[in-house]
Amino acid sequence: MTTTRRLGRSGIEISAIGMGCWAIGGPLWEGEQPLGWGEVDDDESIRTIHRALDLGADLFDTSSNYGAGHSERVLGRALAGRRDRAVIATKFGYPTDEATRQATGEDASPAYARRSLEDSLRRLGTDHVDLYQLHVNGLPVPAALELVDTLEDLVSQGKIRAYGWSTDDPDSARAFAAAGPHCTAIQHDQSVLRDNAAMLAVCDEFDLASLNRGPLAMGLLTAKYQGTPAARGGDDVRGIAPEWLPWFSGGVPRAEWADRVARVRAVLTADGRTLAQGALGWLLARSPRTLPIPGCRTVAQAEENLGTLACGPLSDAAFAEVERLLAELRTAPAHA
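The rules behind these values
- Residues numbered from 1 in each chain as written.
- Predicted model: local features only at pLDDT ≥ 70, side-chain atom pairs only at ≥ 80, totals over all residues.
- Heavy atoms only, no water.
- Helix = DSSP H or I, 4+ residues; strand = E, 2+ residues; numbered from the N terminus.
- Rg over C-alpha atoms; globule rule 2.2 N^0.38 Å.
- Buried < 20%, exposed > 50% of the residue type's maximum accessible area, 1.4 Å probe, protein only.
- Contact = heavy atoms within 4.5 Å.
- Areas by Shrake-Rupley, 256 points an atom, 1.4 Å probe, with all protein chains shown as cover.
- Lys, Arg positive; Asp, Glu negative; His and termini not counted.
- Charge placed at Lys NZ, Arg CZ, Asp CG, Glu CD.
- Expected span 1.5 Å × (residues − 1).
- Salt bridge = Lys/Arg side-chain N within 4 Å of Asp/Glu carboxyl O.
- Right-handed = clockwise from strand over helix to strand, strands pointing away.
- Pairing = 2+ DSSP bridges.
- Axes fitted to C-alpha atoms, helices over the stretch in contact; angles between N-to-C directions.
- Parallel < 35°, antiparallel > 145°, perpendicular 65-115°, else oblique.
- Nonpolar A, V, L, I, M, F, W, Y, C, P; charged D, E, K, R; others polar.

K.L.:
Would you explain the overall build of the protein in this entry?
P.N.:
When you go through the protein residue by residue, the secondary structure sums to twelve helices and 16 strands. By the compact-globule yardstick of 20 Å for 336 residues, the protein fits well, its C-alpha radius of gyration being 19 Å. C-alpha atoms of the protein, sized along the principal axes, occupy 50 × 40 × 40 Å. Here the protein holds 336 residues, and the buried ones make up 55% of them. Considering only intrachain contacts with a sequence separation of at least 6, the fraction spanning at least 24 residues in the protein is 73%. In the structure as shown, the protein presents an accessible area of about 12,900 Å², 51% of it carried by carbon and sulfur atoms. Across the protein, the centroid of the 34 positively charged side chains sits 3 Å from that of the 45 negatively charged ones.

Laid out in structure tokens, this is it:
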């Protein structure tokens, strides 16, 4: 069974499922609005990264603003002596104050892209990152295109191997990919609950990898949220969900999204997978370009998520049944 995929036109071979590192960054705030996942145990985070490596994962997706740089620091500690086994993806565009763990706005200028990279390299303890991603989802295309020369220069210097954009707008992705020779990936929202066929079409057109943000709907597609879940803590972004986070309200799943999970749970778990493994298997079956990056904070989560590599993609029959069950709901978008 194939457990690797290609990172778009970069040609870099990576694990078909990676590890998202937002949650291991710990708290981050924008005023009183939480933007992190609560307090974390750094030692457990490091054990989780090591376990992910042992299970065949080599793609680790972080960002300069996750925990105001803390995620990068922890990932760097975990990969000390293991850097050659990892493909590191990080992002820029949202400055933070590391001392106060406060977000301080956005900056997608070429000068900031260079400065942020140097800071990321220092925190990660490495001389290069494999994928450097623009993080500002809705940045106007002209501003994004102003970054291309800078990013290409960083490639020529050997400080990055390739670059991409974390955006959910297909037209933006298309323009960026057309302009940037070493643009190799688009990170976008993609899960069994909310498909993005238009973005996958752009990835096909330009030979890009599709990095799947939110592949488990921030925990909604895990056993944790079956039954009657408790509300999240006050330092967890799911507890006071900002406008761009659709899955939760007041720390509990929104009814319309919980209904979608209920409709497909039996199909996703029919062959003995867990719900999370079924959701990740759907993504692997959706396209040969998809690269899910589920977040992991514990060894157990890494073992469950990466156990999907042994299960493989959903069968054609199971995939078709999921599509049948969700067709009606997908034509009437749920509120965000």
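So much for the structure itself; the text now carries on.
K.L.:
Just checking my understanding: could you explain helix α9 (residues 275-286) for this structure?
P.N.:
Residue pairs spaced three or four apart in an α-helix point in one direction, given the helix's 3.6 residues per turn. End to end, α9 covers 17 Å across twelve residues, agreeing with the expected 16 Å (1.5 Å per residue, within 8%). Burial runs high along α9: ten of the twelve residues are buried.

K.L.:
What am I meant to see in the pattern of salt bridges here?
P.N.:
Between side chains of opposite charge, a pair can form when the charged atoms approach closely. Per the stated rule, a full pass over the model turns up 24 salt bridges. Note that R289 and D207 form a salt bridge whose closest N and O atoms lie 2.9 Å from each other. Here D207 lies in the loop between α7 (197-206) and β13 (209-213) and R289 lies in the loop between α9 and β16 (290-292), a separation of 82 residues in the sequence. Taking the relative accessible area as the measure of exposure, R289 reaches 18% and is therefore buried.

K.L.:
Can you help me understand the pairing of strand β7 (residues 87-92) in this one?
P.N.:
Regular strands have side chains that alternate between both faces of the sheet. Burial of β7 is extensive: six of the six residues sit out of reach of the surface. Handedness of the β-α-β unit built from strand β6 (residues 59-61), helix α2 (residues 70-79) and β7 comes out right-handed. With four bridges joining them, β7 and strand β10 (residues 129-134) adopt parallel strand pairing. Bridging across to β10, K91 finds its partner in Q133.

K.L.:
Please explain the sheet that holds strand β11 (residues 160-166) as it appears in this structure.
P.N.:
In sheet architecture, strand pairing relies on hydrogen bonds along the backbone and comes in two forms, parallel and antiparallel. Taken in spatial order, the eight strands of this open sheet run β3-β6-β7-β10-β11-β12-β13-β16, and their pairing is parallel. For this open sheet the edge positions go to β3 (19-20) and β16, each flanked by a neighbour on one side alone. Where β3 lies against β6, two bridges are found, and the strand directions are parallel. By the bridge assignment for β6, M19 is matched with F60.

K.L.:
What exactly am I supposed to notice about the packing of α2 against helix α3 (residues 110-124) here?
P.N.:
Think of two packed helices as two axes; the pair is described by the angle between the axes and how far apart they sit. Where α2 contacts α3, the two axes come as close as 7 Å, and the packing angle between them is 45°. The angle between α2 and α3 falls in the class oblique. Here α2 contributes E72, R73, L75 and G76 to the contact with α3, which in turn contributes S120, R122, R123 and L124. Split by residue class, the contact of α2 with α3 holds two nonpolar, two polar and four charged.

K.L.:
Honestly, the environment of G38 in this entry has me stumped. Any pointers?
P.N.:
For G38, the location among the structural elements is in the loop between β5 (33-34) and α1 (42-54). For the pair formed by G38 and H182, sequence separation is 144 residues and the distance between their alpha carbons is 35 Å. When neighbours within four sequence positions are excluded, G38 is seen to be in contact with G26, P27, D235, D236 and R297.

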